[in-house]
Structures are given as structure tokens and as C-alpha cells.
Protein chains: 2
Amino acid sequence: MERIITIGREYGSGGREIGRRLAEKLQFAFFDYQIVTELAKRTAFAEEYILSIQEKRPYPVLPVPTVRMWAPPNPMLDQHLEVFLKESEVIRDMADKAPCVIVGRCADYVLRHRNPLRLFFYADIADRMERCRKRNEEQKSLNHDVLRKIITQTDKNRSRYYEFLSGQKWGAKENYDLCINTSSADTEKIIQCVISLL
Amino acid sequence: MERIITIGREYGSGGREIGRRLAEKLQFAFFDYQIVTELAKRTAFAEEYILSIQEKRPYPVLPVPTVRMWAPPNPMLDQHLEVFLKESEVIRDMADKAPCVIVGRCADYVLRHRNPLRLFFYADIADRMERCRKRNEEQKSLNHDVLRKIITQTDKNRSRYYEFLSGQKWGAKENYDLCINTSSADTEKIIQCVISLL
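Just so it is clear, the model here is predicted, and its values are computed rather than measured. (Residues numbered from 1 in each chain as written. Chains lettered and ligands numbered in written order. Predicted model: local features only at pLDDT ≥ 70, side-chain atom pairs only at ≥ 80, totals over all residues. Heavy atoms only, no water.)

A. Quick peek at the overall build of chain A. Check the secondary structure of chain A and you find ten helices and five strands. The contacts of chain A with a sequence gap of at least 6 include a subset with a gap of at least 24, amounting to 70%. (Helix = DSSP H or I, 4+ residues; strand = E, 2+ residues; numbered from the N terminus. Contact = heavy atoms within 4.5 Å.)

Below, the structure written as C-alpha cells:
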């Protein structure tokens, strides 16, 4: 059985929550924000700074190894790369410790040589908006266009971060073992569906 | 439980065989080539002619209703549209009769108002080539480039047919409930995975 499950997900698809419950059911460790906390401990960077880097890809889409080969000296890029590379180290260390579910942070790519089960969750935009309103007090009262823009922008940031680090297209089914439309079934069934594949 | 399962699949991904075994397990009817046979019975067209239309989209990518609205008189297009529309009728009739698994033929789009479980199967190119060689005596001895070209061309034809009929992108995960990489798990697990979602 795979000991590592990685989760990519569209904003508002419920993928994070499914990952948490999947980990609970399998008695796997669950890593999400803990990665940032651990990364902050290992570097001189504040958690907020790390998140800000992850939220906006600062440079053209090129996988890290390519950038490292030809980029001219640039202290800002070097700092960002330091965060990316340290984060990969944290992810690998966490995956070494115990069977785990890891949400986001390009873990499917970072751990590609360890044969993780790579999941991607997506959903219809209407369902994603409804889920955002339900789970987030601040988003409850936002109008349709504003909330939609937040969703689109968050996905764009995730996509840029993933592409910057891996050189692969975020959400392209070829990069995953299973892509699940969370609009199609309830969470319990989806969890069973994933477990059947292990 | 959904009574209709539709299957889209890349050539060589094993999706058809998974569909057949899934139908067997669920005791659902299994429709694949039968649709062409039934269509030939209901029209004046030979099975070979029907297949030749389905293999090559003759006109620009536009969903059928759009074409019908503005296209100038064109007997060939009309004949092709007659096949497409009759085929949709056959698919709807078959889906009415019994719970079923339907492979290809844009069934997910044709039956979209009946809430089918829409599956799409894909796989790594190396696995697809290996599967083609195993199951097809003629393809066994083909060289790498020739076989790869056959796979690519077949997918292109499926994609054109799907886009012509539905106006949607073939294989884009948004159009399916579950996309499964058949390189990732064995057939039995994949079948269990699908059944868990019903």
C-alpha cells in the first residue's frame, strides 16, 4: 500500500477537508500548515513571509533546476529558491517519518521518486462558491463577482507556484493518479473511492 | 445509485476493458459496438460508413445545434448530422432499457440530463503502447514511432468527434466525475474505486 498520499485541489473544492478525513480514517499523519511552521523553524524566515512567497510566483515559469542553471545573480530569487528547496527538504523528512497525507505545496512533485498516490480534487464553480461561503465567515457576505475573483486568483497562484517549482501544469490529469470531481459524490463515498485504490 | 455509467478513454488506456468488467460486476448492460449495429439497423447506412464518420470529424469544431442553426445547405453535412442525431436517439433508448455502462460515442454528453457517472480513463504513453501490443496481433510488431502515431491519431479522432458533437473538450477533467490513471493501479482496484463512488 502507498504510504504517501498527496493532494492537489482547486480552491473551494473541499480537497483539504477530504484529505484530513482520509488521514484520520487511514490513521496516517496529516500535513498541511505544519510544513510552513517547520520551515520557519529551520530558516530565518517568518511564516508570513514563507506564505507570501508561496502565494505569488515571483519569476517566469521555469522549473527550479533550470532557473538555477542560467539565472544571473539575484539575491531575491536566491532567497525564494532557498525557501523552495528547504520546503522540499521538510516535505521529504515528514514523508520519511510516517505514512502521511500531504496537502498542496507541490508534494506530488517533490516526492515523485517515492511513488505517492497523487490525488487532485476539483468541483463546479457554483459548489465551490457555496463551500467557501459555508466555511468562511468573511466570505459569507461577499458578492458573487468578488468571491469568484478570489477563487480564480487563488487557483492562479497555486498554479503558478506549482509550475514554477515543477515545470508541470497544475491540475493537468496526466500529473495525477486520480482526479475527483467533488460535485459528484459525498465526502464519505469519495474517501472510500480513494481507499479502494490503495 | 446511478443507473448509467459513461466511459471516455484514451486509446490503449484499457478503459473499454475496465468498462466491460465493471458492467459484469454490477450486472449492468454493456454497450459499445452494439450502438453502431443498432444505428445501422435504424438507418440506411452501413456499419462501416457510420464508423468512418465517427472516426473523422468532417467539419469545423462546432456543437451540432450551432451547426444546424447557420450552416448553408450541404447534403454531406446533413447526412453526417443525421447519423449523429440518430446515434443519440439509440443511446437514449438503450439507457432507458436497463442500467448500463456505455463506452465512448459522446454518451456522457448525450445523456447529460440523466445524471450519468462520467468516467475518463487515461495512462502513461509507455503503458498504452504495451497494452496495444499485448491485445492486438497487428500492432505487436509495429515499431515505436508508428504505434505512437496510431495512438495519437486515434485520440485526435476521438477528440474531434467529441468536440464536434458536444462543443466540449474531450478528456478535460471538468467534463467528468472521475478521471483515473490506469497506470497507477490494477484493474480490480480501479473497479472497486468506481463502485465505491456509486
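B. Fine view of the sheet that holds strand E4 (residues 117–122) of chain B. Spatial strand order, E2(A)-E3(A)-E1(A)-E4(A)-E5(A)-E5(B)-E4(B)-E1(B)-E3(B)-E2(B): ten strands in an open sheet with mixed pairing. With one partner strand each, in any of the chains shown, strand E2 (29–31) of chain A together with strand E2 (29–31) of chain B form the two edges of the open sheet. Between one strand axis and the next, the sheet turns by 20 degrees as a mean value, whatever way the strands run. As defined by bridge partners, strand E1 (residues 4–9) of chain A adjoins strand E4 (residues 117–122) of chain A across five bridges and the pair is classed as parallel. In the strand pairing of E4(A), Ile5(A) is matched with Leu117(A). Its contacts with the sheet put helix H1 (residues 15–26) of chain A on E1, E2, strand E3 (100–103) and E4 of chain A, and the angle it makes with E1(A) is roughly 165 degrees. (Pairing = 2+ DSSP bridges. Axes fitted to C-alpha atoms, helices over the stretch in contact; angles between N-to-C directions.)

C. Inspection of the packing of aromatic side chains at higher detail. All chains considered together, the criterion is met by ten aromatic pairs over all chains. Arranged with centres 5.0 Å apart and planes meeting at 50 degrees, the rings of Phe120(B) and Tyr176(B) form a pair that is tilted. Of this pair, Phe120(B) sits in strand E4 while Tyr176(B) sits in the loop between helix H9 (144–166) and strand E5 (178–181), and the two are 56 residues apart along the sequence. With respect to burial, Phe120(B) and Tyr176(B) carry one shared label: buried. By the ring-pair criterion, three or more aromatic residues cluster together here, those being Phe84(A), Tyr161(A) and Phe164(A). We note Arg112(A) situated over the ring of Tyr109(A); from NZ or CZ to the ring centre the distance is 3.9 Å. The cationic tip of Lys173(B) hangs over the ring face of Tyr122(A); the distance from NZ or CZ to the ring centre is 5.5 Å. (Phe/Tyr/Trp six-rings, centres within 6.5 Å; stacked < 30°, edge-to-face > 60°. Buried < 20%, exposed > 50% of the residue type's maximum accessible area, 1.4 Å probe, protein only. Lys NZ or Arg CZ within 6 Å of the ring centre and 35° of its normal.)

D. How the structure looks around the packing of helix H10 (residues 187–197) of chain A against helix H10 (residues 187–197) of chain B. Contact geometry of H10(A) with H10(B) gives a least axis separation of 8 Å together with a crossing angle of 175 degrees. Considering their axes alone, H10(A) and H10(B) lie roughly antiparallel with respect to each other. Side by side, H10(A) and H10(B) meet where Lys189(A), Ile190(A), Gln192(A), Cys193(A), Ser196(A) and Leu197(A) of the first sit next to Lys189(B), Ile190(B), Gln192(B), Cys193(B), Ser196(B) and Leu197(B) of the second. When its residues are assigned to classes, the contact of H10(A) with H10(B) shows six nonpolar, four polar and two charged. (Parallel < 35°, antiparallel > 145°, perpendicular 65-115°, else oblique. Nonpolar A, V, L, I, M, F, W, Y, C, P; charged D, E, K, R; others polar.)

E. Just the relation of the copies chain A and chain B, in detail. Laying chain A over chain B is done by rotating through 180 degrees and shifting 0.0 Å along the axis; what remains is an RMSD of 0.0 Å. On this basis, the relationship between the two copies can be described by a two-fold rotation axis. Relative to the rotation axis, the closest C-alpha in chain A is found at Cys193(A), a distance of 2.2 Å. Both copies present the same face, since 100% of the interface residues in chain A are matched by interface residues at the equivalent positions in chain B. (Least-squares fit on C-alpha atoms with pLDDT ≥ 70 in both.)

F. Structural context of unusual backbone geometry. Even without glycine at this site, Asn115(A) takes up a positive phi of about 55 degrees. Take Asn115(A): it is sitting in the loop between helix H6 (107–110) and E4.

G. Representation of the interface of chain A and chain B within the structure. Contacts between chain A and chain B engage 22 residues on the former and 23 residues on the latter. Looking only at chain A, the three residues that lose the most surface to chain B are Tyr122(A), Lys173(A) and Leu197(A), adding up to 30% of its buried area. Taken together, the links from chain A to chain B amount to zero salt bridges. Connecting chain A to chain B are 16 residue pairs in polar contact (both at pLDDT 80 or more). Counting residues per element, the side of chain A that touches chain B draws most heavily on H10(A), at six residues. Along the lines of polarity and charge, the residues of the side of chain A that touches chain B split into eleven nonpolar, five polar and six charged. In this sheet, E5(B) lies alongside strand E5 (residues 178–181) of chain A in antiparallel orientation, the contact comprising three bridges. Counted as the bridge partner of Cys179(A) is Cys179(B) from E5(B). (Buried area = accessible area lost by both parts, 1.4 Å probe. Salt bridge = Lys/Arg side-chain N within 4 Å of Asp/Glu carboxyl O. Polar contact = N/O pair within 3.5 Å; in protein donor to acceptor, adjacent residues only side chain to side chain.)

H. Region of the structure containing the state of the cysteines. Counted under the stated rule, the structure contains zero disulfides over all chains. Cysteine Cys193(A) shares no disulfide, and the gap to the nearest cysteine sulfur, in Cys193(B), comes to 3.2 Å. Residue classification places Cys193(A) among the buried residues on the basis of a relative accessible area of 0%. Unpaired in terms of disulfides, Cys100(B) finds its nearest cysteine sulfur in Cys106(B), a separation of 15 Å. (Disulfide = S-S within 2.5 Å.)

I. Representation of helix H2 (residues 34–42) of chain B in the model. Residues of H2(B) that are buried: Ile35(B), Val36(B), Leu39(B) and Ala40(B). Here the buried residues of H2(B) occupy an arc of 135 degrees about the axis, which is enough to place them on one side. (Arc of directions from axis to C-beta.)

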